[in-house]
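# Examination of the molecular architecture
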Amino acid sequence: MKYIESKKNDEIKQLKKLASTKYIRKTGTYMVEGFHLVREADQYGQDFVQLLVTEKYSEDRLVKKYHDIAVTVSEDVAKELSETKTPQGIFAVIKVNNTEALADLSGKWVMLDDVQDPGNVGTIVRTADAAGYDGIITSLDSADFYQPKVQRSMQGSQFHLPIYRMDIHKAIDLAKESGLTVYSSEVNDEAKPYNQLERNDKFALIMGNEAHGVTQDVLNASDENIYIPILGKAESLNVAVAAGVLMYGLQTL
């Protein structure tokens, strides 16, 4: 099996660029790190381009399975590629899924209107997976779900449900054409409390930007603007926390 010792190796320099969204889109590949994510990617049928491991994983079943594209790297190289302080020493380069086009929607979806913090995007995707939602649509100005911080935050949920990236207004139009009710979250007590809605099994829930919330034109295009009643003195909730409350709340009406 090929061995790369130096972090100055040209191949490693190219792989390091996969931390950049622009380079990910250019090459059509991205990288996941850590045994859990690599194992989940394999289990859910992702298309591996390369597997890189330190010597401690050299006898792992994944190395045997992907022997033709597996590479052993030194600990120094693993540290160079890693986006964490304590790299586990296993990385997979995977082909980007072709999820730019979507014909129709069914069931329950979450849409993100310019949610820009990678941790928030990842947490919302992971919560949607746990709450049994059917998919995620992120706006073009939301944090890109292929970037490393989002990938780590999703903890494998990115392989369990579809994630699309598209213009938010086109997503709203698609939801309505598909017969889904569109709810937008709003920090406004003149909106409708989410727990006063009627039971609905076909809807899209839109969550907004951390600083500005859902944009006014998106609120105007929605069927219903909803809010979470604040019982204490806090002005608002973090968007990922609010999304979790609403996702589970709307499931259990």
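Under an unreviewed UniProt entry, the name given to the protein is RNA methyltransferase, and the source organism is Candidatus Companilactobacillus pullicola.

## Comments concerning the layout of surface pockets
Quantified by volume, the largest pocket comes out at close to 490 Å³. As for the largest pocket, its lining consists of 24 residues, and the residues nearest its centre are S185, E186, V187, S236 and L237. For the lining of the largest pocket, the elements supplying multiple residues, two or more each, are β11 (203-208) and α10 (239-251). By residue class, the composition of the lining of the largest pocket is 12 nonpolar, 8 polar and 4 charged. Roughly 160 Å³ of internal volume is contained in the second largest pocket.

## A few points about helix α3 (residues 35-43)
Listing the buried residues of α3 in full gives L37, V38, E40, A41 and D42. On its buried face, α3 sits against β2 (29-33), β3 (48-53), α4 (61-65), β5 (90-95) and α7 (148-154). At the C-terminal side of α3, G45 shows a positive phi close to 70°.

## Points about the sheet that holds β2
Within the open sheet, the 5 strands sit side by side as β1-β4-β3-β5-β2. Their pairing is mixed. The open sheet is flanked by β1 (2-4) and β2, the only strands paired with a single partner. Pairwise comparison of adjacent strand axes, ignoring direction, gives a mean angle of 25° for this sheet. Bridge analysis of β1 against strand β4 (residues 70-73) gives 3 bridges, and the strand direction is parallel. Within the sheet, the bridge partner assigned to I4 lies in β4 and is V73. Together, β2, β3 and β5 form the strand contacts of α3, whose direction differs from that of β5 by roughly 35°.

Procedures and definitions
- Residues numbered from 1 in each chain as written.
- Predicted model: local features only at pLDDT ≥ 70, side-chain atom pairs only at ≥ 80, totals over all residues.
- Heavy atoms only, no water.
- 1 Å grid on protein atoms, 1.4 Å probe; cavity = no way out; pocket = protein on both sides within 12 Å on 5 of 7 lines; lining within 4 Å.
- Points joined across faces, edges and corners; volume = space filled by probe spheres on them.
- Helix = DSSP H or I, 4+ residues; strand = E, 2+ residues; numbered from the N terminus.
- Nonpolar A, V, L, I, M, F, W, Y, C, P; charged D, E, K, R; others polar.
- Buried < 20%, exposed > 50% of the residue type's maximum accessible area, 1.4 Å probe, protein only.
- Contact = heavy atoms within 4.5 Å.
- Pairing = 2+ DSSP bridges.
- Axes fitted to C-alpha atoms, helices over the stretch in contact; angles between N-to-C directions.

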